[in-house]
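Chains, contacts and geometry: an overview
Now for the letters of each chain:
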Amino acid sequence: MTKKERVLKLRELLDKAYPDVKCSLNYTTPLEMLIATQMSAQCTDARVNIITETLFKKYRNAEDFANADYDELCEDIKSAGFYRNKAKNIILCCQRLIDVYGGEVPDTMEDLTSLAGTGRKTANLVLGDIFGKPAVVVDTHCKRIAKRIGLTTNDDPTKVEMDLKKIVPPDYQLRMCHQFVAHGRAVCTARKPKCAVCPIKEVCKSAGKC
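A short tour of the structure in this document, coming up. (Residues numbered from 1 in each chain as written. Predicted model: local features only at pLDDT ≥ 70, side-chain atom pairs only at ≥ 80, totals over all residues. Heavy atoms only, no water.)

1. Some remarks on the environment of R148
Within the element layout of this structure, R148 appears in helix α9 (residues 140-149). The spacing of R148 and I200 is 52 residues in sequence and 11 Å in space, taken between C-alpha atoms. Leaving out residues up to four positions away in the same chain, R148 has contacts with C188, T189, A190, P193, C204, K205, S206 and C210. Among the polar contacts listed, one links the side chain of R148 to the backbone oxygen of T189, at a separation of 2.9 Å. (Helix = DSSP H or I, 4+ residues; strand = E, 2+ residues; numbered from the N terminus. Contact = heavy atoms within 4.5 Å. Polar contact = N/O pair within 3.5 Å; in protein donor to acceptor, adjacent residues only side chain to side chain.)

And the structure:
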């Protein structure tokens with residue numbers, strides 16, 4: 001079975017197992033998605049959602065974040081971890097959004113990654129969930145599962161992204177990544193995958209070997 005054939009079967013199996021997946025971060029605007037994703041680095045989505053429930057009522061647009069008091073913003077997002085660097089990046093990011101993009105979140109990889117605190121993973125999530133573009137979001141779940149299945153041999157996130165883009169249909173890329181998150185949390189965990197009950201074990205090269 002080629003990698004492309006494995007992906008087609010994988011799509012069938014994952015769509016049965018996780019038919020209604022979506023991003024687990026709460027947001028209502030492109031900016032909220034961008035900020036929430038930046039804060040999710042080294043932090044659970046559940047914790048980020050707790051923080052943003054009040055944060056997005058206090059800071060409602062790019063101008064609010066751009067003009068935020070640094071120490072106050074640090075306190076507002078402190079429980080997200082690495083809060084000093086995140087606060088700095090959020091302010092710088094929103095200042096650039098105002099100066100260059102009229103306060104709006106841009107819709108290209110080049111423009112998004114020019115923003116402070118925005119790497120390819122964050123940019124791809126915004127491109128896919130906000131703008132409906134093909135996007136491969138390589139988080140820890142995606143990288144782990146793609147490698148276990150045999151879709152990539154790389155560890156570098158950018159190389160994993162490029163490997164998957166070559167074999168995953170554009171209309172399935174983002175949904176597959178969301179399904180990987182759900183699967184990684186429920187079954188294919190980092191320490192002890194539950195291969196015996198895995199719904200995709202028939203296409204996984206590591207089934208029963210982890």
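From this point, the discussion proceeds with the structure in view.
2. A look at helix α1 (residues 3-17)
The end-to-end C-alpha separation of α1 is 20 Å, in line with the 21 Å expected for 15 residues at 1.5 Å each. All of the buried residues in α1 are R6, V7, L10, R11, L13 and L14. On its buried side, α1 packs onto α9, α10 (157-167) and α11 (173-186). (Expected span 1.5 Å × (residues − 1). Buried < 20%, exposed > 50% of the residue type's maximum accessible area, 1.4 Å probe, protein only.)

3. Structural notes on the nonpolar core
Ranked by size, the top nonpolar core spans 66 residues in total, and within it L55, F65, L73, L164 and F180 carry the most contacts. Top element by residues in this core is helix α6 (residues 83-101). It accounts for 8 residues. Not counting residues within four places of it along the chain, the set of residues in contact with L73 comprises L55, Y59, F65, A68, A87, I90 and I91. (Core = buried A, V, L, I, M, F, W, Y, C linked by side-chain atoms within 4.5 Å.)

4. So, unusual backbone geometry
The backbone phi angle of Q42 is positive, close to 55°, even though this residue is not glycine. Locating Q42 in the fold gives a position in the loop between α2 (30-39) and α3 (45-58). Under the relative-accessibility criterion, Q42 is labelled exposed at 70%. The backbone phi angle of F82 is positive, close to 50°, even though this residue is not glycine. Relative to the helices and strands, F82 resides in the loop between α5 (70-76) and α6.

5. Concerning the packing of aromatic side chains
A full pass over the atoms with the stated rule returns 1 aromatic pair. Note on Y59 and F65: the rings are 4.9 Å apart at their centroids and 20° apart in plane angle, and the pair reads as stacked. Each member of the pair Y59 and F65 is classed as buried. (Phe/Tyr/Trp six-rings, centres within 6.5 Å; stacked < 30°, edge-to-face > 60°.)

6. Some words on the layout of surface pockets
Empty space within the largest pocket amounts to approximately 1000 Å³. If you go around the largest pocket, you meet 41 residues; those closest to its centre are S40, A41, Q42, K121 and D139. Each residue belonging to the lining of the largest pocket can be placed in one class, and the counts come to 15 nonpolar, 17 polar and 9 charged. (1 Å grid on protein atoms, 1.4 Å probe; cavity = no way out; pocket = protein on both sides within 12 Å on 5 of 7 lines; lining within 4 Å. Points joined across faces, edges and corners; volume = space filled by probe spheres on them. Nonpolar A, V, L, I, M, F, W, Y, C, P; charged D, E, K, R; others polar.)

7. What to know about α11
The end-to-end C-alpha separation of α11 is 20 Å, in line with the 20 Å expected for 14 residues at 1.5 Å each. Among the 14 residues in α11, 10 count as buried, and that is most of the element.

8. Details of the pattern of salt bridges
The final tally for this structure, using the stated rule, is 12 salt bridges. A salt bridge links D171 to R11, with the nearest nitrogen and oxygen atoms 2.9 Å apart. Here R11 lies in helix α1 and D171 lies in the loop between α10 and α11, a separation of 160 residues in the sequence. For D171, a relative accessible area of 54% puts it in the exposed group. Between E161 and R120 there is a salt bridge whose closest N-O contact spans 2.7 Å. In this pair, E161 is assigned in helix α10 and R120 in helix α8 (residues 120-129), connecting sequence segments 41 residues apart. (Salt bridge = Lys/Arg side-chain N within 4 Å of Asp/Glu carboxyl O.)

9. Thoughts on the side chain of S206
Mapped onto the secondary structure, S206 falls in the segment after α11. There is a polar contact of 2.8 Å between the side chain of S206 and the backbone oxygen of R148.

The values reported here are purely geometric and, on their own, carry no functional implication.
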